[in-house]
Amino acid sequence: MSNFRAETRAWLEENCPPAMRSFMPENEQVAGGKRAEYVRPEQKIWLDRMAEKGWTAPTWPKQYGGGGLSNEQAMILEEEMQDLGCRVPLRGMGLSMLGPVLLEYGTEEQRQTHIPPIVRGEIRWCQGYSEPEAGSDLASLRTRAVLQGEHFLVNGHKIWTSNAHVSDWIFCLVRTDPTAKKHEGISFLLIDMADPGVRPRPIRLISGASVFCETFIENVRVPVGNLVGPLNKGWTIAKRLLEHERKGIGGIAARNAAKFEVPLEAVAKQFAGEQDGKIADPILRDRVAAYSMDAHAFQLTRRRAAEEAEAGAPPGPLSAMFKLQGTELNKRRYEMLLEAEGFQGLGWEGEGFTSDELRFTREWLRSKANSIEGGTSEVQLNIIAKRVLGLPD
Amino acid sequence: MALILNDEAQMVRDTALSFFRERSPITALRKLRDDNDPVGFSRGLWREMAELGWTGFLVDEDDGGSAFGMTGLTQVMEAAGRTLTASPLMSTALLGASLLSLAGSDDQKAEYLPPLLAGEQILALALDEGARHAPDRIAVTAARDGAGYRLNGEKTFVLDGHIADTLIVAARTDSGVALFLVPGEAASRTRLAMVDSRNAARVRLDNVVVGPDAMLRRGPALDLALDRARTGLAAEMLGSAQEAFDRTVQYLKDRKQFGVAIGSFQSLKHRAAQMFCEVEITRSAVIAAASALDSGANDAAALVSLAKAKANETLFLCGNEGVQMHGGIGMTDEHEIGFFMKRSRVAQATFGDTRFCRDRYAEAMGY
């Protein structure tokens, strides 16, 4: 393992362009796809080099373009990347959600077709789960897919389809048996958004950005081969994918604590002043400590869970706990930043504010979605109560 | 730093859990309270605990211990916390053994450690002097008296102080605070009846003269022993929180109102789930603190403060919610859930309440 660490570090030092060892603003995150736009050329170079090694998806099997690393090796890679300040070369729902599900439930043909382009960042995926009338009660979704010979005919209306307007494919939950009980008539379908019947429309959010869309699906013909798992058994896959999604969202706090993030205590010192090395306002100092301690204890819990998983403990509904705690902490972090900054933390745009201050305003607003997307905090509490504590319905 | 237990620690954990369940359920604490037991714990039980080796976890092998460390002792203390067992684990196996091992001379170790290890003698650290834990505020004096020292002043909330064979007294000398081994009967001692029915005492020292051989070596021993105490207590509190939580969840499943189990109500479910998260998070912090102390990691002070603060908050939560969710029956003395809430407050105040821990954490982190 120490060999692997040394080799990995040497490779990263050699191959990660200096520009990719810096703080990554939101607009420089790389999600790939046919319509990918790169602010700087190094983003594409870095992506291609990492994809070549399969390290955009370090633990996926080599045969599908992944890195073929063990969990322990992947952890070392992550640690070395963090230590050098390397940016994550590629992010997206293909990597964090669809890929793991295809590896588990997909046919060989589906894996061969879809996984390598995900690893290389060639195809960008989005998620067609929620509908206007199916939010927390996801299983009440109504998008219809009717089997007609070798095709499904799909009609429906999805919402909160993040980045649908810049995505190439969408994985969708569709109702294939309207007569069955609501959890039992759902299937998991892969849909090519090149079809003109798939029309995404961006939604302007409170942060001013439009990362979410609503997506209309009208008379779209989808080949039967794009059905993942058995017909009408999509709910099992849907839930598994949500576990992956929650893991990703719950990890937000970890990412923000990374090398280039501005520490909360530094912001507090900057605005409240410093006395004998301490944040001069004792109440703010106490609140900063209270938050930081909760975040610290949460990180320790993530690490403990990772060690338990490595030692063979089965992963389970604990992802609900990490999603809940991670997102609530992330929201609290932004509230603390704003509190420390006073008026200076409330700028919207233009002069009078630093770029960090303006960024925090937008990120504060964006963070409010963390405890809604991927299942609200209240839904996570329901899951813990039911599946961990065994409390009755 | 490992955050999962090795096989050895797991074995200690299993032994301790079944030991306390069988030998010292909460009825034992109730009986000590109702009998107004003059000792405040069972000496027989303590000897059994000593036979299991638990008094020697923080003592070097050369001195008759096993040097198993805080990772081992926190397993025992967590198990003791599940049944709210009253015992000298903190006063003697943790603080007494630590201070003697870390700062005792060979003669002091030879005199005090064997009976300590055998469960025959009780030690108590006489440190705090006011209503809050403040290890830096020591007013008790130790003035030179011939070759020895003359001690004067008052200590309070001394755990097991009223029956300790030997007190370890923190006193101010001309060259800073030092620790002195003082025979228990040399002090005038008043037992304090605390809300948790556990031992604490006020200890008055009036011209108590001790020889030069009574002083422990100066150095960082007290700080390290206190960090062990905070971690050990955090482990005990984690055990109590886990138990209060488990009992409450069981009650939510058993108790029926409106024709259904009350655990089917979302207002209770969500709070139970919240408690579950807090207990799990506290567990991580406690394991990390014990591991950091055993390996001498330089972030130990921060991790210890974190563990004690989380344990304070979590036992507070589980104790309060335990009583509330048990409803009327939770208010009765006959039911055991109230014991957890009572223990919570005393344990919170002991060796650093939450604001003490936050202040120390912030300091350790450079703000």
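## What about the overall build of chain A?
When helices and strands are tallied, chain A shows 12 helices and 10 strands. Against the compact-globule benchmark of 21 Å for 393 residues, chain A has a radius of gyration of 22 Å, which places it among compact chains. In terms of overall dimensions, chain A has a C-alpha envelope of 75 × 45 × 45 Å along the principal axes. Here the contacts in chain A between residues at least 6 apart in sequence split such that 70% fall between residues at least 24 apart.

## Details of the overall build of chain B
Across its full length, chain B holds 11 helices and nine strands. Over its C-alpha atoms chain B spans a radius of gyration of 21 Å, differing by no more than 12% from the 21 Å that the globule rule assigns to 367 residues. Within chain B, buried positions represent 54% of all 367 residues.

## Notes on the domain arrangement of chain A
All names here are of chain A. Per the domain assignment, the segments making up chain A are domain 1 (2-91), domain 2 (125-233) and domain 3 (251-388). The distance between the C-alpha centroids of domain 1 and domain 3 comes to 25 Å. A class-by-class count of the residues in the side of domain 1 that touches domain 3 yields one nonpolar, four polar and one charged.

## Looking at the interface of chain A and chain B
By a frequent convention, interface size equals the accessible area lost on bringing the separate parts together. Across the contact, 35 residues belong to chain A and 32 residues belong to chain B. Counting only elements with at least two residues in the side of chain A that touches chain B, the list comes to α8 (264-272), β10 (278-279), α9 (282-310), α10 (318-341) and α12 (377-388) of chain A. A total of 16 residues in the side of chain A that touches chain B trace back to one element, the largest contributor, which is α9(A). Each residue belonging to the side of chain A that touches chain B can be placed in one class, and the counts come to 18 nonpolar, six polar and 11 charged.

## What about the environment of L224(B)?
All names here are of chain B. Here L224 lies in helix α7 (residues 221-254). The partly exposed category is assigned to L224, around which 19 C-beta atoms lie within 10 Å. C-alpha of L224 to C-alpha of R198: the two residues are 26 residues apart in sequence and 24 Å apart in space.

## Overview of the packing of α9(A) against helix α11 (residues 354-364) of chain B
Running from N to C, α9(A) and α11(B) cross one another at 85°; their axes reach a closest spacing of 9 Å. Here α11(B) runs roughly perpendicular to α9(A), going by the angle between their axes. Across the interface between the two elements, R285(A), D286(A), A289(A), A290(A) and M293(A) from α9(A) touch R355(B), R358(B), Y361(B) and A362(B) from α11(B). Residues belonging to the contact of α9(A) with α11(B) are distributed by class as follows: five nonpolar, no polar and four charged.

## A closer look at the packing of α8(A) against α9(A)
Residues and elements named next belong to chain A. It is at 10 Å that the axes of α8 and α9 come closest, and there the two elements cross at 170°. When the axis of α8 is compared with that of α9, the two are roughly antiparallel. Listed contacts from α9 to L264, E265, A268 and A272 of α8 are L284, V288, Y291 and S292. Looking at side-chain class alone, the contact of α8 with α9 contains six nonpolar, one polar and one charged residues.

## Remarks on the domain arrangement of chain B
Residues and elements named next belong to chain B. Under the domain assignment, chain B is made up of domain 1 (7-121), domain 2 (125-214) and domain 3 (221-364). Taking only C-alpha atoms, the centre of domain 1 and the centre of domain 3 are 21 Å apart. Facing the 21 residues of domain 1 at the interface are 24 residues of domain 3. For the side of domain 1 that touches domain 3, the secondary structure elements donating two or more residues are α2 (26-34), α4 (69-82) and α5 (89-103). At 11 residues, α4 tops the list of elements feeding residues into the side of domain 1 that touches domain 3. Its residues assigned to classes, the side of domain 1 that touches domain 3 shows 14 nonpolar, five polar and two charged.

## Quick notes on the nonpolar core
L151(B), V169(B), F180(B) and A289(B) are the most contacted members of the largest nonpolar core, which has 157 residues in total. For this core, the element with the highest residue contribution is helix α8 (residues 266-295) of chain B, accounting for 16 residues. Every residue in contact with A289(B), bar those within four places of it in the chain, is listed here: T231(B), A234(B), L303(B), V304(B), L306(B) and A307(B). In this structure, M50(A), L98(A), L189(A) and V198(A) belong to the second largest nonpolar core, which totals 59 residues.

## A look at the pairing of strand β2 (residues 141-145) of chain B
Residue and element names in this part refer to chain B. As defined by bridge partners, β2 adjoins strand β3 (residues 148-158) across five bridges and the pair is classed as antiparallel. Within β3, the residue paired with T141 across the bridge is N152. Between β2 and β3, which pair antiparallel one after the other, the connecting turn spans two residues, and G146 there sits at a positive phi close to 60°.

## Quick notes on unusual backbone geometry
Keep in mind that most residues, glycine aside, have a negative phi and that most peptide bonds are trans. Residues and elements named next belong to chain B. A positive phi is found at N36, a non-glycine position, where the angle reads about 50°. Looking at where N36 falls in the secondary structure, it is placed in the loop between α2 and α3 (43-51). Although it is not a glycine, L84 sits at a positive phi angle of roughly 50°. Position of L84 among the secondary structure elements: in the loop between α4 and α5. A count of 26 C-beta atoms within 10 Å places L84 in the buried class.

## A look at α12(A)
Residues and elements named next belong to chain A. In a regular helix each residue adds 1.5 Å, so 12 residues correspond to 16 Å; α12 covers 15 Å between its end C-alpha atoms and thus fits that length. When we look at burial in α12, the residues that qualify are V379, Q380, L381, N382, I383, I384 and A385. At the exit of α12 stands G390, carrying a positive phi of roughly 70°.

## Here's the deal with the confidence of the model for chain A
When pLDDT is averaged along chain A, the result is 93; 96% of the residues meet or exceed 70. Segment residues 252-257 of chain A: pLDDT under 50, and 14 contacts once partners within four positions in sequence are set aside and those in other chains are kept.

## Topic: the pairing of strand β2 (residues 144-148) of chain A
Residues and elements named next belong to chain A. Judged from the five bridges that link them, β2 and strand β3 (residues 151-159) form a sheet pairing that is antiparallel. Note on β3: the bridge partner recorded for V146 is L153. In textbook terms, the turn of a hairpin is the stretch between consecutive antiparallel strands, and for β2 and β3 this stretch comprises two residues, one of which, G149, has a positive phi near 65°.

## With respect to helix α1 (residues 7-23) of chain B
Residue and element names in this part refer to chain B. Under the 1.5 Å per step criterion, the end-to-end length of α1 is 24 Å for 17 residues, consistent within 8% with the ideal 24 Å. Within α1 the residues assigned to the buried category are V12, A16, F19 and F20. With its buried residues spanning 90° around the axis, α1 presents them on a single face. Facing away from the buried side of α1, by more than 90 degrees, are the exposed residues D7, Q10, D14, S18, R21 and E22. As for α1, its buried residues are in contact with α4.

## Notes on the environment of C126(A)
Residue and element names in this part refer to chain A. By the secondary structure assignment, C126 is in strand β1 (residues 125-128). Residue classification places C126 among the buried positions, given that 29 C-beta atoms sit within 10 Å. Sequence separation of C126 and R285 is 159 residues, and the distance between their C-alpha atoms is 41 Å. Sequence-distant contacts of C126, that is, excluding residues within four places in its chain, are made with M93, T161, S162, N163, A164, S167 and I170.

## Some thoughts on the confidence of the model for chain B
Overall, the predicted model of chain B reaches an average pLDDT of 97, with 100% of residues at or above 70. If you check the scores for this complex, the pTM reads 0.92 and the ipTM reads 0.96.

Conventions adopted
Residues numbered from 1 in each chain as written. Chains lettered and ligands numbered in written order. Predicted model: local features only at pLDDT ≥ 70, side-chain atom pairs only at ≥ 80, totals over all residues. Helix = DSSP H or I, 4+ residues; strand = E, 2+ residues; numbered from the N terminus. Rg over C-alpha atoms; globule rule 2.2 N^0.38 Å. Contact = placed C-beta atoms within 7 Å. Buried ≥ 20, exposed ≤ 12 C-beta atoms within 10 Å, placed from the backbone. Domains from an automatic or database assignment. Nonpolar A, V, L, I, M, F, W, Y, C, P; charged D, E, K, R; others polar. Axes fitted to C-alpha atoms, helices over the stretch in contact; angles between N-to-C directions. Parallel < 35°, antiparallel > 145°, perpendicular 65-115°, else oblique. Core = buried A, V, L, I, M, F, W, Y, C linked by C-beta atoms within 7 Å. Pairing = 2+ DSSP bridges. Expected span 1.5 Å × (residues − 1). pLDDT = per-residue confidence, 0-100. Arc of directions from axis to C-beta.

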